[in-house]
Each structure stands twice: as structure tokens, then as C-alpha cells.
Amino acid sequence: MHLIQQLLFAVALGITAWLMAKRVGVIKKTIQLGKAEDRTDHPEQRLSTMLRVAFGQKKMFDKPVVGIMHFVIYAGFLLINIEVLEIVLDGLFGTHRLFVPYLGSFYTVLINFFEFLAFGVLVVCIVFLIRRNILKVARLQPSRHRELNGWPALDANSILLIESVLMIAILSMNAADSILQKRGVEHYYPAGDFLFSSLLQPIFSGISDGALIALERGAWWAHILGIFAFAIYVTYSKHLHIFLAFPNTYFANLTPKGEMHNMPEVTKEVKIMLGLEQADNNEVPAEIGRFGAKDVTDLSWKNLMDAYSCTECGRCTSACPANITGKALSPRKIMMDTRDRLEDIGKNMQANGGEFKEDGKSLLGDYIKEEEILACTTCNACVQECPVLINPLDIILQLRRYKIMEEAQAPASWNMMFGNLENNQAPWKFSPSDRFNWADNIK
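Quick summary incoming for the structure in this document. (Residues numbered from 1 in each chain as written. Predicted model: local features only at pLDDT ≥ 70, side-chain atom pairs only at ≥ 80, totals over all residues. Heavy atoms only, no water.)

Right, let's talk about the overall build of the protein chain for a bit. Tallying secondary structure elements over the protein chain gives 19 helices and zero strands in all. Its C-alpha atoms give the protein chain a radius of gyration of 28 Å, clearly above 22 Å, the size a compact globule of 443 residues would have. Taking the principal axes of its C-alpha atoms as reference, the protein chain extends roughly 95 × 55 × 40 Å. For the protein chain, the proportion of its 443 residues judged to be buried stands at 45%. Intrachain contacts of the protein chain at a sequence separation of at least 6 include 74% that bridge at least 24 residues. Of the roughly 23,200 Å² that the protein chain leaves accessible, carbon and sulfur atoms contribute 64%. The positive charge centre, built from 44 side chains, and the negative charge centre, built from 46, are 5 Å apart in the protein chain. (Helix = DSSP H or I, 4+ residues; strand = E, 2+ residues; numbered from the N terminus. Rg over C-alpha atoms; globule rule 2.2 N^0.38 Å. Buried < 20%, exposed > 50% of the residue type's maximum accessible area, 1.4 Å probe, protein only. Contact = heavy atoms within 4.5 Å. Areas by Shrake-Rupley, 256 points an atom, 1.4 Å probe, with all protein chains shown as cover. Lys, Arg positive; Asp, Glu negative; His and termini not counted. Charge placed at Lys NZ, Arg CZ, Asp CG, Glu CD.)

A word on a nonpolar patch on the surface. The grouping of Leu47, Leu51, Phe55, Leu78, Leu79, Ile82, Phe113, Phe116 and Leu195 at the surface amounts to a nonpolar patch, some 800 Å² of accessible area in total. Elements with a minimum of two residues in the nonpolar patch: helix 2 (43-55), helix 3 (64-93) and helix 5 (105-133). Within the secondary structure, Leu47 is located in helix 2. Residue class for Leu47 comes out partly exposed when judged on its relative accessible area of 40%. (Patch = residues over 30% accessible without salt bridge, like charges linked within 9 Å, V, L, I, M, F, W, Y side chains within 5 Å. Salt bridge = Lys/Arg side-chain N within 4 Å of Asp/Glu carboxyl O.)

Tracing the backbone through its elements, the reader meets Val296 in the loop between helix 10 (264-273) and helix 11 (301-309). Looking at Val296, the relative accessible area reads 0%, which means it is buried. In sequence terms Val296 and Ala412 are 116 residues apart; their C-alpha atoms lie 28 Å from each other. If sequence neighbours within four positions are ignored, Val296 has contacts with Gly34, Leu304, Thr338, Arg341, Leu342, Ile345 and Leu363.

The next subject is unusual backbone geometry. The backbone phi angle of Arg97 is positive, close to 50 degrees, even though this residue is not glycine. With respect to the helices and strands, Arg97 occurs in the loop between helix 3 and helix 4 (100-103). Accessibility expressed as a relative area gives 4% for Arg97, which makes it buried. Of note, Glu312 is a non-glycine position whose phi angle comes to about 60 degrees, a positive value.

The end-to-end C-alpha distance of helix 3 is 44 Å, a good match for the 44 Å that 30 residues give at a rise of 1.5 Å each. At Ile82, helix 3 shows its strongest bend, of approximately 35 degrees. Positive phi shows up at Gly94, right after helix 3, with a value of about 75 degrees. (Expected span 1.5 Å × (residues − 1). Bend = angle between axes of the 7 residues up to and from the residue.)

Restricting attention to buried positions, one finds in helix 2 the residues Arg46, Thr49, Met50, Val53 and Ala54. Angular distribution of buried residues about the axis of helix 2 spans 100 degrees; they occupy a single face of the element. Elements in contact with the buried residues of helix 2: helix 3 and helix 9 (241-250). Gln57 sits one or two positions beyond helix 2 and adopts a positive phi of about 55 degrees. (Arc of directions from axis to C-beta.)

Turning to the pattern of salt bridges, a few remarks are in order. One pass over the full model with this rule turns up 18 salt bridges. Asp298 is the partner of Arg290 in a salt bridge, and the nearest nitrogen-oxygen pair spans 2.7 Å. We classify Asp298 as buried; its relative accessible area is 10%. Sharing partners across several salt bridges, the network here consists of Arg146, Lys333, Asp337 and Glu372.

The biggest cluster of nonpolar side chains holds 42 residues, and the ones touching the most others in it are Tyr308, Leu329, Ile334, Met335, Leu363, Ile368 and Leu399. Those elements that provide at least two residues to this core are helix 1 (2-31), helix 2, helix 9, helix 11, helix 14 (331-351), helix 15 (363-367), helix 17 (381-385) and helix 18 (392-406). Val84, Ala118, Val121 and Val234 belong to the second largest nonpolar core, which has 35 residues in total. (Core = buried A, V, L, I, M, F, W, Y, C linked by side-chain atoms within 4.5 Å.)

Next up on the list: the packing of aromatic side chains. Here the structure, examined in full by the defined rule, presents 14 aromatic pairs. Ring geometry for Phe55 and Tyr74: centres 6.4 Å apart, planes at 80 degrees, overall edge-to-face. Taken together, the positions of Phe55 in helix 2 and Tyr74 in helix 3 put the pair 19 residues apart, joining distant regions of the chain. Here the aromatic rings of Phe71 and Tyr74 are separated by 5.9 Å at their centres, their planes lie at 55 degrees, and the arrangement is tilted. (Phe/Tyr/Trp six-rings, centres within 6.5 Å; stacked < 30°, edge-to-face > 60°.)

Printed below as a string of C-alpha cells:
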């Protein structure tokens, strides 16, 4: 019987690893569709940023209460997985509580700590469900933000329910295990009572040994299979940020937030035209494939990693002045639309032997509308608010650059401003020689 369980466990572990590897491969390929961009400079500063923002959850504490609750789930996810290591080894080797003989009384302390985290995660998940579905926090409501309709809202609630079930399973498993230890049932080594699961023991104390073993084994399998399913599910969910937050913050933009990047090829041409730089006649002019971005392949790999890292928390959208005043723009939707386009391309590639077959769609037009990108004021509020240092503004600017420079489609007022900048070096329609006439009135 033990051998059969070991074989079943090994098969489940192997299938999980295979499915995760396959999914990670698709995500990697779609991110690599982006243009090359060097983000390897200042490694010490980048490491410091990652430790503060991703590992230390620094920006989450801009909202202290929510930050503390999120930290409980985050800490639980990281530390409870140490116990999962024991469960995996038990499953492979057919043992039970493998670490008890080696850790002694410290094992009880360790499990008590894990139960404290498990209980905290359970409470926080319930609170988050209440905030979404009863208190109805505005930035999390599909009725107010169209990008949350359908799957995103279901995804958010599903992940909280799954985490709650996993925590209940581990507490039930420990409660049944403790009773079996006290009854001296074979293979259930004495490890002492555990803090929170001991509160559940009165519920199970009247159950026979056989039923209790079935309950303990059922909870054990439910917990570990739930973790396996969760690990696969996360790669399709917004909760992929659990893993991608670390590389995403490491490779974050280190330049000041107000700095906008020009196309190097265009900048060089302008400098040559103005006599600020000499043309190299021996140099082959760089070919400009496209001004700005029409589809995800025109964006950088970091823009695409941003899309997969989005937590859909809505802090960017709730801070966006365009969205607040009723405009179509939602920075969260920009990131979700970019990810949706990547997902569609990934499915396309899987269906065509790893190659992308043109589908007649593009990010701009089919996913993100012109009205959205024109509403942006480039204030950087969305960039400032993001807890994992995503930059929706960079994508918006590149899409807008394509619309104006490639398709020559800009609002009439913008064209007037562009003309004034070109002729008068200022947005206003007067001669540069008259620029300081206002000072005559204060003499």
C-alpha cells in the first residue's frame, strides 16, 4: 500500500513539474519576443531595490493595514513551503514526519510557527474576500473597472478560496495526526501538540482510528495535491507576480521617473541636423524598423515582463488623474491588455509548432484603443504607485509614438503644438524674439 502511494505521489510530482516547465517555457518565449534592452548596469543598486521592494514589500506599506495583511500571506507562502519540503520527501520515501527524529523538540516549535502563519493566512484571506465582495473596495470592483469583468474577478476570488482550503487542510491534518500520536498508532511518531490544530482535536476525538487515519491521509493528499495544482494555476494567474516580482524589481528602470527616452537613431539625426554632432560617412545608418510600438514585438522584453508581473491591484488606476476624471484610460488595463496579447500569441505559437503565425491583430487597435492612450497626461502617478515597479507609461508612450509618427494621427490641438515647437521652439504661437516681452511691463 505504501509503495502504491509512493508511486502515485511520484507521478503527481512529475506531472506537476512537466506542466510547470511547459508553461514557463511559453512565458519565456513570449517575453523574449520583445526587443533587446540592457538592464544589467549598477548591479548593487538593482539588488538593493529588489530586496527592499520585492523581498521587503516596501511599497505595500504605503497602505499600512493592507501592507501588514499582504505581508502575512507573503511570509506564509515563503515559510510554510519549508514544511512542504518534508511532505514531498515523505511522499517520495514513504515516511511520515521525516524530520522528527532529527529535530527533536525543535520540530514542535517549528510546526507551531508554521501553524501560526497558516492561521494568519486563513484570517487574511477571509478579510480580503470580505473587502472584495462585501465592503466592495472601489478599485477592485468589475462594475467600476471593465478590465476586471469575467476571469480577473473570478481569478482573484478563486486564489483566496484555494489558499483558505489549503490552510484548513494543513490544520486538519495536524489535528488528526496529534490524536493518532496520543493513541500510539503505528507510524505516527510523538511530536507533541501543535498550537492551533489542537483547538480542532475535540471535533475529531470521537472518531475511530481507521476513520482518523483516513481523515489525516485525506487532508495530507488534499494539501499537497492542492499545492501542486496551485503551483500550476499560478502560472496562468495574476499571482504569477509571486515569482516575477523579484526579477521585475531587479531589472526596474533606475533613471528618474520624469525622464522620457527618445529613439537613439532619431536623436542622432537631429543632432547632426543641428550641427551638434558630426556624421560619420563610413558608418552605415541604423535602420529604423518602426517608430514607436504597434504590437508587443515592438516593445522591449522588460515591458513584456512588466505585463506578466502585474498584480491587478489597481493602485495605478486609482491614482491616475485621467481615470479619476472619467477618461477611458486605466493603466491596469494597459498592462492586462498587453498580457492578454502575449497570451494569445503564446497559444498561436503552441498551435503552430513554436512559430508565430500572423493573426491579423495588434496590441494597438485590437486590445488598446486610441482613446485610452491619448488620455494619458504622462504624470507618472501609475509608475509611482506600482508595488512591483511596473511602468505602464512606457508602453503608453510607445503606442502613442507609433500613432503619431507612423500613422500621422494626432489631435488637431497636438498638431498645432508640434508646429509651434518646430517653428518657435515653444508650444505657443509667437516668435522666439518676443519671448521676454512680458518683462517690459515690470521695468
